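In case you want the letters, here they are:
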Amino acid sequence: WLIFGILSLAVFLSIVGFTAFAHGNESVLCLPAGGMDTIDPEKVSEQAPFDKPGVRQIDEDRYEVVVVAQAFGYDPPDIKVPVGKEIIFTLTSTDVVHSFTIDNTKVNMMAVPGRITHKSYIFDKPGKYLVLCNEYCGSGHHYMSTEIEVY
Ligand code: CUA
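Residues numbered from 1 in each chain as written. Predicted model: local features only at pLDDT ≥ 70, side-chain atom pairs only at ≥ 80, totals over all residues. Heavy atoms only, no water.

### Re the pairing of strand E9 (residues 115–122)
1) Next: Of the pairings in the sheet, the one linking strand E1 (residues 37–38) to E9 comprises two bridges and is antiparallel in character. Note on E9: the bridge partner recorded for threonine 38 is arginine 115.
2) Next: For strand E6 (residues 86–93) and E9, the ladder comprises six bridges, and the chain directions are antiparallel. Along E9, the bridge assignment pairs leucine 91 with threonine 117. (Pairing = 2+ DSSP bridges. Helix = DSSP H or I, 4+ residues; strand = E, 2+ residues; numbered from the N terminus.)

Here is the structure:
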């Protein structure tokens, strides 16, 4: 049985290895194909737009919200955006994989170190929206929440 176990493990690992090799090792993480920019995770705070996390107005109808996810929380800690405008979330992580999931919306973004993720969303109702991390990311995981105030 021990030999059987070892053989199964070897087969499993070679399948994982082959899949990673065949598709580039990102397939293991189930990342969406394309549409992602890269960033050095150790220099996030030095690089635009992550040197100034927060909300900025792009034009009359569009706002960008730049968010850095890291263990224990999000930067900026609070976000205020207007209702009925296009909000473009721009996200990265400095340490491990987190998510930026806005409760009761279709926004469920992955924050991956080394990657920049974008998601556009229009809030149709004012109010407070809870943001949670739904990727288990270590001891800080259950502290990772914030609120978006839509006015
Ligand atoms: Cu960050 Cu869970």
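### Considerations on the sheet that holds strand E11 (residues 145–150)
1) Next: The mixed open sheet is built from five strands, whose spatial order is E5-E11-E10-E7-E8. Strands at the two margins of the open sheet, each flanked by one partner only, are strand E5 (78–81) and strand E8 (108–111). Mean inter-strand twist for the sheet, computed between neighbouring axes without regard to direction, equals 20°.
2) Next: The pairing of E5 with E11 spans four bridges and is parallel. Bridging from a neighbouring strand, aspartate 78 pairs with glutamate 147 of E11. (Axes fitted to C-alpha atoms, helices over the stretch in contact; angles between N-to-C directions.)

### Some points on the packing of aromatic side chains
1) Next: By the definition in use, this model includes five aromatic pairs.
2) Next: Ring geometry for phenylalanine 89 and phenylalanine 100: centres 5.5 Å apart, planes at 45°, overall tilted. Within this pair, whereas phenylalanine 89 is found in strand E6, its partner phenylalanine 100 is found in strand E7 (residues 98–102), the two being separated by eleven residues in sequence.
3) Next: Assessed through its relative accessible area of 2%, phenylalanine 89 is described here as buried.
4) Next: For phenylalanine 100, a relative accessible area of 0% puts it in the buried group.
5) Next: These aromatic residues form a ring-pair network of at least three members: Tyr74, Phe89 and Phe100. (Phe/Tyr/Trp six-rings, centres within 6.5 Å; stacked < 30°, edge-to-face > 60°. Buried < 20%, exposed > 50% of the residue type's maximum accessible area, 1.4 Å probe, protein only.)

### Brief notes about the pairing of strand E3 (residues 62–70)
1) Next: Among the nine residues of E3, seven are classified as buried, and the element is accordingly described as predominantly covered.
2) Next: Relative to E3, strand E2 (residues 54–59) runs antiparallel, the two being bridged by five bridges. The residue bridging valine 55 from the neighbouring strand is valine 65, located in E3.
3) Next: Joining the antiparallel neighbours E2 and E3 is a turn of two residues.
4) Next: By the bridge criterion, eight bridges tie E3 to E6 in an arrangement that is parallel. In the sheet register, valine 65 faces E6, and the bridge partner there is phenylalanine 89.
5) Next: Pairing between E3 and strand E4 (residues 73–75): three bridges, direction antiparallel. Counted as the bridge partner of valine 68 is aspartate 75 from E4.
6) Next: Linking E3 to E4, which pair antiparallel, is a turn of two residues; within it phenylalanine 72 sits at a positive phi near 85°.

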